[in-house]
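Chain residues, written in single-letter form:
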Amino acid sequence: MTQQRDPVPAPAALAPAPAATTRPEEAAPGRHRRRSYRDRLTAPLPGVRAVTRLAREAGALRPGTEARRDVPLLPCAPAPLPPAGPGVLALTWAGHASWILRIGGLTVLTDPVWSHRILGTPPRVTPVGVPWASLPPVDAVVISHNHYDHLDAPTLRRLPRTTPVLVPAGLGRWFRRRRFTRVHELDWWQGREIGGVTFDFVPAHHWSRRGLLDTCRTLWGGWVLTDPQGRKVHFAGDTGYGHWFTEIGRRHPGIALTLMPIGAYAPRWWLRDVHCDPEEAVAACADLGARRMAPMHWATFLLSAEPVLEPLTRVRAAWARTGRPREDLWDLPVGGSRTL
């Protein structure tokens, strides 16, 4: 929910990109020209009174000296990507909401941010988990929404313009202006198939804005990726807690893994509608019917006021209280990987 630049393009994918197909049951996704998506908001955006209060509480959106003292203890263990053939589902956390997901023989990036800093935010406190030069060819990119810490122009400039990008309704024009040629622009509950993997765009409790005059002009959401074997991964993007998780689980039963944000939640009065806290993330995992959860959206950029290690300690405690198997909480360090 914050507001971001980059080196010369790297030759990430020179092979032809996989073909995309539309499932017959979906309303044909295309170029969305809707004026506003404010009617999709779960809660009203903050008004003048809330903004005035935030201005009075100087520093309310950044951790103080005491809250930052554990930055050197943040889990960060960059390592080579594990091998992943067509039948392997593997993920690696690059930091924040950026994952390298190998699924169905494809390499997919989620909300890729490889920049050292983003607009209006201090620099990264941990390095990117995987150097850009170490990535395999990228077969697709999914974007959750247009906030600068999720849609990073300098990182995207590194990609070949033929890379398939799957984006929320209204955001396609941003990519086409940058000469991306394979832009799939979807509304909630619409899907695309690329190389045998299905990409379904699903709701989230959030909002969008990139400039002064474009509030909610583009949609926001998460993604459910399904491999040819039927295994499903849910990428929540950026979201608060609410009713959509139950509906996503109903429409997409049997989710094997959810990538769920657990950070950037304090002060709660300001952020509760748009960012889950750790306990809400665990509850959302249960609502989805997901077997496993991998926490994200913490330990990278200091976007809010909670102590830097608190998201991890709280999510572990909340998971333990559910009685679910400890091995199903994939609390990876930045740069860490797991496979199914």
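Everything discussed here concerns the structure shown above.
Every value quoted in this text rests on a predicted model; they were computed, and no experiment measured them.

Thresholds applied
Residues numbered from 1 in each chain as written. Predicted model: local features only at pLDDT ≥ 70, side-chain atom pairs only at ≥ 80, totals over all residues. Heavy atoms only, no water. Axes fitted to C-alpha atoms, helices over the stretch in contact; angles between N-to-C directions. Helix = DSSP H or I, 4+ residues; strand = E, 2+ residues; numbered from the N terminus. Parallel < 35°, antiparallel > 145°, perpendicular 65-115°, else oblique. Left-handed = near helix turned anticlockwise from the far one by under 90°. Contact = heavy atoms within 4.5 Å. Buried < 20%, exposed > 50% of the residue type's maximum accessible area, 1.4 Å probe, protein only. Pairing = 2+ DSSP bridges. Salt bridge = Lys/Arg side-chain N within 4 Å of Asp/Glu carboxyl O. Expected span 1.5 Å × (residues − 1). Nonpolar A, V, L, I, M, F, W, Y, C, P; charged D, E, K, R; others polar.

A.B. asks: How should I be thinking about the packing of helix α5 (residues 244–251) against helix α7 (residues 278–288) in this particular structure?
C.D. replies: To describe two helices that pack against each other, one gives the angle between their axes and the distance between the axes. Closest axis-to-axis distance for the α5/α7 pair is 7 Å, and the angle between their directions is 30°. The angle between α5 and α7 falls in the class roughly parallel. The two elements α5 and α7 cross, and the hand of that crossing is right-handed. Listed contacts from α7 to Phe245, Thr246, Ile248 and Gly249 of α5 are Ala284, Asp287 and Leu288.

A.B. asks: Hey, could you run me through the pairing of strand β3 (residues 98–103) in this one?
C.D. replies: When a strand is regular, its side chains alternate between the sheet's two faces. Taking burial as the measure, the six residues of β3 include six buried ones, the bulk of the element. Here β3 shows two buried faces, one formed by Ser98, Ile100 and Arg102 and the other by Trp99, Leu101 and Ile103. Judged from the five bridges that link them, strand β2 (residues 90–95) and β3 form a sheet pairing that is antiparallel. Opposite Ala90, over in β3, you have Arg102 as the bridge partner.

A.B. asks: Is there a simple way to explain the pattern of salt bridges in this structure?
C.D. replies: Pairs can form between side chains of opposite charge whenever their charged atoms are close. A full pass over the atoms with the stated rule returns 15 salt bridges. Arg34 is the partner of Asp39 in a salt bridge, and the nearest nitrogen-oxygen pair spans 2.4 Å. On the basis of relative accessibility, which here comes to 55%, the residue Asp39 falls in the exposed class. A relative accessible area of 35% places Arg34 in the partly exposed class. A salt bridge links Arg250 to Glu247, with the shortest nitrogen-to-oxygen separation between them at 2.7 Å. Residue Arg250 and its partner Glu247 are both found in helix α5; the two are separated by three residues, about one turn of the helix. According to the relative accessible area criterion, Arg250 is exposed, its value standing at 57%. Put simply, Arg268, Asp277, Glu279, Glu280, Glu310 and Arg314 are held in one network by salt bridges that share partners.

A.B. asks: Looking at this structure, I do not really get the pairing of strand β4 (residues 106–110). What am I missing?
C.D. replies: Burial analysis of β4 places five of its five residues in the buried class, which makes it a mostly covered element. Of the two faces of β4, both are covered, the one formed by Leu106, Val108 and Thr110 as well as the one formed by Thr107 and Leu109. With five bridges connecting them, β3 and β4 associate as antiparallel partners. When the bridges of β4 are listed, Arg102 appears paired with Thr107.

A.B. asks: How should helix α8 (residues 310–322) be read in this particular structure?
C.D. replies: Note that an α-helix has 3.6 residues per turn; residues three or four places apart therefore point the same way. Taking 1.5 Å of rise per residue, 13 residues should cover 18 Å, and α8 covers 19 Å from first to last C-alpha, within 8% of that figure. Those residues of α8 hidden inside the fold are in contact with α7 and β13 (292–296). Remark: Gly323 follows α8 within two positions and exhibits a positive phi of approximately 80°.

A.B. asks: Help me understand α5, please; the structure alone is not making it clear to me.
C.D. replies: Taken as a whole, α5 has its buried residues at Trp244, Phe245, Glu247, Ile248 and Gly249. Where α5 is buried, its residues touch β9 (197–202), β10 (222–226), β11 (232–235), β12 (255–261) and α7.

A.B. asks: Is there a simple way to think about the packing of α7 against α8 in this case?
C.D. replies: Their axes nearest at 8 Å, the elements α7 and α8 cross at an angle of 40°. In terms of orientation, α7 lies oblique with respect to α8. Considering how the two elements wind past one another, α7 and α8 form a crossing that is right-handed. Where α7 approaches α8, its residues Pro278, Glu279, Val282 and Cys285 are matched on the opposing element by Pro311, Arg314, Val315, Ala318, Trp319, Arg321 and Thr322. Among the residues forming the contact of α7 with α8, the class breakdown is seven nonpolar, one polar and three charged.

None of the figures reported here should be taken as evidence of function without further support.
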